[in-house]
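# Understanding the architecture of this molecule
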Amino acid sequence: MTARAADRTRYNRATAHLDAPIAIVDLEAFDANADDLVRRAAGKPVRVASKSVRCRALLERVLARPGFAGIMSYTLAESLWLARAGFEDVLLAYPSADRGAFAELAADPKLAAAVTVMVDDHSQLELIDASRAGGREEIRVCLELDTSLRMLGGRVRIGALRSPLRSPAQLAELARSVARRPGFRLVGLMAYEGHVAGVGDAVAGRPLRSRAIRLMQTAARKELAVRRAEVVRAVRAVAPELEFVNGGGTGSVQHTAAESAVTEIAAGSGLYVPRLFDNYTSFTARPAALFAQPVVRRPGVGVVTVLGGGYPASGAAGADRSPVPYLPEGLRYDPQEGAGEVQTPLLGSPADDLLIGDKVWFRHAKAGELCERFDTLHLIEGDRVTASVPTYRGEGRTFL
C-alpha cells in the first residue's frame, strides 16, 4: 500500500460517521509542516499568515509552538477581531480604507497596542487621521517595500503589483512623514517577494520553464537582498527603534532568513500545503488540509460523479486554480466539464471501485481559501477525528 493509499484508509475510517462534503486537517502533517518552517527559518521567528489558515483554533495551535510569533492578517476588521480574541501581535499585511475600523482602532488602547497597520502612501495616513472620530490612540505603522525584479532599464518587471515604494530614499521619506505626524509610530518594515516565495520552480513536465524560473529567482534574491539591506539602513536612520523587518513566504523561508537585515519570516501556506506548493525544489512538505465530496452518480464504466467541488482559487484563471482529485489516486477531471458548481464527473479506472456515498478527497489550489467553503474543519489524529473546530466562516466571519 502506498503512503497516499494508507492516508485514504485513515481518512475514510476517521470520517466514516460524517457525511461529505467535509474538510479535514491532518494534525500530524500540520505539526510536521510547522516544524519544517521553523527549521528553515533558522532561529528567526515565523509570523503566521492568517489568510492561509482562517481558523482561530489552528492559529492558536501553531502559535503555541516554539519558533512562531505573531499573526500577519489580511483585513483591518479581521485584525481587530483577532486582537479582541486575545492575539497580541497582529500585523495587517495590506493597506485598508475601512474608516469604521480605523475609528475603533484609534479609540481602544488594547487594539491599538496589538495591531500594526500597513502604509505605503501619504494619503493612507491622511485617511486614518480623518477616520479617528475623536480617538486619540497612537497607531502602529509598518511600511511596505516593493520587491519586484526590474530588468532592461525597468522595461521588464517581475513580481506582484503591490507597494509603490522601491528605493531607500522613498522609504526614508515616508518614514519621516510618519515620524513627523502626531498619533503615529513607525514600528516595522515588510517586503513580500511573491515571485520567489509564491512561484514553484519545478513545474511538472516543463523543464525549460522550471530552469527559467530558477534563474529568475536567483537573480531576484540577490538583487533584493542588497536593496532590502539598504532600505533597512535608511529607515532605521529615521526610526532607530524599528521593532521588526518582515520578509519571505513559504517558498522562500530559508533564503530570506539568511539575510541579516530581516528579523522575522512570514509563512502560512506551508502549514496546509495546497497543490500550488508541490512544485518547489527548496522544500518538501505534507498535504495537511483536504476536502471530500461524495459520489452521487455512476454514469458509466470508468466514471463517477461527485457532488459539487468547483472551488476555484483566486488569481489568473487557469487549470492550476482548480482543486485536484487526490484520493483515490488516478482520478482526473472530464476536460469538457472540469470541476463543477453542483456536480463534478471524474474519470479513471479507480472510479469503478467507488460506490454511491463513498468519499473522493481533493486538495485545494491555495491554502486558506478552502475555509471560505466550509464552516468546520475536522481535525484528524491517526485514524480518529479528535476535534471539530470552526473556520472563520463557521464563526460567522467573512472578511473579504
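Residues numbered from 1 in each chain as written. Predicted model: local features only at pLDDT ≥ 70, side-chain atom pairs only at ≥ 80, totals over all residues. Heavy atoms only, no water.

A few words now on the nonpolar core. If you look at the biggest cluster of nonpolar residues, it comprises 90 residues, and the most contacted ones within it are Leu58, Val117, Leu143, Tyr272 and Leu377. Per element, the largest residue contribution to this core is 6 residues, and it comes from helix α2 (residues 27-41). The residue makeup of this core includes at least three contributed by each of domain 1 (1-23 + 282-393) and domain 2 (27-271). Sequence-distant contacts of Leu58, that is, excluding residues within four places in its chain, are made with Val25, Leu27, Phe30, Val53, Tyr272, Leu377 and Leu379. Counting 12 residues, the second-largest nonpolar core is a separate cluster that includes Ala14, Leu18, Ile24 and Ala292. (Core = buried A, V, L, I, M, F, W, Y, C linked by side-chain atoms within 4.5 Å. Buried < 20%, exposed > 50% of the residue type's maximum accessible area, 1.4 Å probe, protein only. Helix = DSSP H or I, 4+ residues; strand = E, 2+ residues; numbered from the N terminus. Domains from an automatic or database assignment. Contact = heavy atoms within 4.5 Å.)

Entries for the protein chain in the domain assignment read domain 1 (1-23 + 282-393) and domain 2 (27-271). Spacing between the C-alpha centres of domain 1 and domain 2 amounts to 32 Å. The interface is formed by 21 residues belonging to domain 1 together with 28 residues belonging to domain 2. Interface of domain 1 and domain 2: buried area, both sides summed, is about 1,800 Å²; carbon and sulfur atoms make up 58% of it. Joining domain 1 to domain 2, the criterion identifies 2 salt bridges. Between Arg54 and Glu372 there is a salt bridge, with its nearest N and O atoms 2.7 Å apart. Between domain 1 and domain 2 we count 7 residue pairs in polar contact (both at pLDDT 80 or more) in total. The set of elements that each furnish at least two residues to the side of domain 1 that touches domain 2 consists of β18 (376-381) and β19 (384-390). It is β18 that provides the largest number of residues to the side of domain 1 that touches domain 2, a total of 4 residues. Of the residues that constitute the side of domain 1 that touches domain 2, the class distribution is 12 nonpolar, 5 polar and 4 charged. (Buried area = accessible area lost by both parts, 1.4 Å probe. Salt bridge = Lys/Arg side-chain N within 4 Å of Asp/Glu carboxyl O. Polar contact = N/O pair within 3.5 Å; in protein donor to acceptor, adjacent residues only side chain to side chain. Nonpolar A, V, L, I, M, F, W, Y, C, P; charged D, E, K, R; others polar.)

Cis geometry is found at the peptide bond from Ala20 to Pro21, where omega equals 10°. Counting through the fold element by element, Pro21 comes out in the loop between α1 (3-14) and β1 (22-26). Looking along the chain, the bond that leaves Leu327 and enters Pro328 is cis, with omega of 0°. With respect to the helices, strands and loops of the structure, Pro328 is situated in the loop between β14 (324-327) and β15 (332-333). Positive phi outside glycine occurs at Ala42, with the angle close to 50°.

When we look at burial in helix α7 (residues 122-130), the residues that qualify are Gln124, Leu125, Leu127 and Ile128. One side of α7 carries all its buried residues, which in axial view fall inside an arc of 160°. The secondary structure elements touched by the buried residues of α7 are α5 (99-107), β5 (115-119), β6 (139-144), α8 (168-180) and β9 (184-191). Two or three places before Ser123, at the start of α7, stands the capping residue Asp121, its side-chain oxygen 2.7 Å from that residue's backbone nitrogen. (Arc of directions from axis to C-beta.)

Right, let's talk about the state of the cysteines for a bit. All chains considered together, the criterion is met by 0 disulfides. No disulfide involves Cys371; its nearest neighbouring cysteine sulfur is the one of Cys55, lying 6.4 Å away. Here Cys371 falls in the buried class, since its relative accessible area comes to 1%. (Disulfide = S-S within 2.5 Å.)

This paragraph deals with the side chain of Asp7. Checked against the element boundaries, Asp7 lands in helix α1. For Asp7, a relative accessible area of 19% translates into the label buried.

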